Amino acid sequence: MVEDAERRRRARHLGPERRRPLILDAALEVFSANGFAGTTMQSVADAAGVTKPVVYDSFANRDELLLALLAREEQHLVISIVAALPADPSIGTPEEHVVEGLTAFLTAVSKQPQSWRIVFGAQYGAAPAVAERVRAARAFLVESLRLTLLKSLPGVTDPDANLPVLAEMLAAMTEACARMLVVDGTDRTPAELATTVSQIVGGGFNKV
């Protein structure tokens, strides 16, 4: 609470550019708690301890605010994906890669729940530009998985036809697991979820 009060005090006395990060911090809390539909510029102003015109000095509207917040928070997405990919996909089995990589990824997700609630929440009810940014981030995940599978499964019959499908399925299950951790709630650990996914897709690896 002391830190929040200090942040609000600072925000009132800074110029727009220096105030933007503080407003984004407040917006992260509000969007995470209320979702896009339940967030207003006034609620963000209240959380930041400033007036609504002060928020508008930094961001023209709610969509611009959310886009800026997504741009900042999706860095966690990119870092988490890259860190979870195997350094050398040719070593080990695809099942091992899924367990190890997905465990690492979901562990990172569980440590940044607010960031991931923003990513998930922005898919619903947001402006087209916001939703498009989320789709672009997801496309990065799918392509990263496809390239990893290409190196993990050198003997695949038709990589152009089969690997995109398998990558899409893995991405969907990865999203579902992340959503369970930070939105829906689950008593399963990241490692347990990753093991379940590996068991589900394991047979598919042997048939592509």
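Residues numbered from 1 in each chain as written. Predicted model: local features only at pLDDT ≥ 70, side-chain atom pairs only at ≥ 80, totals over all residues. Heavy atoms only, no water.

This part is about a nonpolar patch on the surface. A cluster of nonpolar side chains, namely Val78, Val82 and Phe140, defines an oily patch on the protein surface of about 230 Å² accessible area. Here Phe140 is to be found in helix H8 (residues 128-152). (Patch = residues over 30% accessible without salt bridge, like charges linked within 9 Å, V, L, I, M, F, W, Y side chains within 5 Å. Areas by Shrake-Rupley, 256 points an atom, 1.4 Å probe, with all protein chains shown as cover. Salt bridge = Lys/Arg side-chain N within 4 Å of Asp/Glu carboxyl O. Helix = DSSP H or I, 4+ residues; strand = E, 2+ residues; numbered from the N terminus.)

This paragraph deals with the nonpolar core. As a rule of thumb, soluble globular proteins bury nonpolar side chains together. Judged by nonpolar contacts, the single largest core of 30 residues is most densely connected at Phe105, Leu106, Trp116, Leu149, Leu170 and Val197. Top element by residues in this core is helix H9 (residues 159-184). It accounts for nine residues. Ala45, Phe59, Leu65 and Val134 belong to the second largest nonpolar core, which has 26 residues in total. (Core = buried A, V, L, I, M, F, W, Y, C linked by side-chain atoms within 4.5 Å. Buried < 20%, exposed > 50% of the residue type's maximum accessible area, 1.4 Å probe, protein only.)

So, on to the side chain of Ser43. Inspection of the secondary structure assignment puts Ser43 in helix H3 (residues 41-48). From its side chain, Ser43 meets the backbone oxygen of Thr40 in a polar contact 2.7 Å long. (Polar contact = N/O pair within 3.5 Å; in protein donor to acceptor, adjacent residues only side chain to side chain.)

Right, let's talk about H3 for a bit. Of all the eight residues making up H3, six are buried; the element is thus mostly covered by neighbouring parts of the structure. Among the residues of H3, Met41, Ser43, Val44, Ala45, Ala47 and Ala48 are the ones counted as buried. Positioned one or two residues after H3, Gly49 has a phi angle of 75°, which is positive.

We now examine the pattern of salt bridges. As enumerated under the stated definition, the model contains six salt bridges in all. With a closest N to O distance of 2.7 Å, Arg138 and Glu168 form a salt bridge. A residue pair is termed long-range when its members are at least 10 positions apart, and Arg138 in helix H8 and Glu168 in helix H9 qualify at 30 residues. Through salt bridges with shared partners, a single ionic network connects Asp25, Arg72 and Glu73.

What follows concerns the packing of aromatic side chains. The description of two aromatic rings rests on the distance between their centres and on the angle between their planes. Tallying each qualifying case throughout the model produces one aromatic pair. Between Phe105 and Trp116, the aromatic rings sit 5.5 Å apart at their centres with planes inclined by 80°, giving edge-to-face as the arrangement. Of this pair, Phe105 sits in helix H6 (residues 94-111) while Trp116 sits in helix H7 (residues 113-121), placing them 11 residues apart in sequence. As far as the burial class goes, Phe105 and Trp116 line up, both buried. (Phe/Tyr/Trp six-rings, centres within 6.5 Å; stacked < 30°, edge-to-face > 60°.)

So, on to the packing of H6 against H9. The contact between H6 and H9 brings their axes to 10 Å, and the two run at 35°. Seen along the crossing, H6 lies across H9 with a hand that is right-handed. Between H6 and H9, the residues in contact are Val98, Leu102, Phe105, Leu106 and Val109 and Leu170, Thr174, Cys177, Ala178, Leu181 and Val182, respectively. Classifying every residue of the contact of H6 with H9 gives 10 nonpolar, one polar and no charged. (Axes fitted to C-alpha atoms, helices over the stretch in contact; angles between N-to-C directions. Left-handed = near helix turned anticlockwise from the far one by under 90°. Contact = heavy atoms within 4.5 Å. Nonpolar A, V, L, I, M, F, W, Y, C, P; charged D, E, K, R; others polar.)

Right, let's get into the side chain of Thr103. Mapped onto the elements of the fold, Thr103 is located in helix H6. When residues no more than four places from it in sequence are discounted, the contact partners of Thr103 are Val98, Pro190, Ala191 and Ala194.

This brings us to H9. Between its first and last C-alpha, H9 extends 35 Å over 26 residues, near the 38 Å set by a 1.5 Å rise per residue. For H9, the full list of buried residues reads Leu163, Leu166, Ala167, Leu170, Ala171, Met173, Thr174, Cys177, Ala178 and Val182. Backbone geometry just after H9 places Gly185 at a positive phi near 90°. (Expected span 1.5 Å × (residues − 1).)

Looking at the protein as a whole, its pLDDT mean stands at 82, while 86% of the residues score no less than 70. Across the protein, element-level confidence peaks in H3 with a mean pLDDT of 94 and bottoms out in helix H1 (residues 2-12) with 52. (pLDDT = per-residue confidence, 0-100.)

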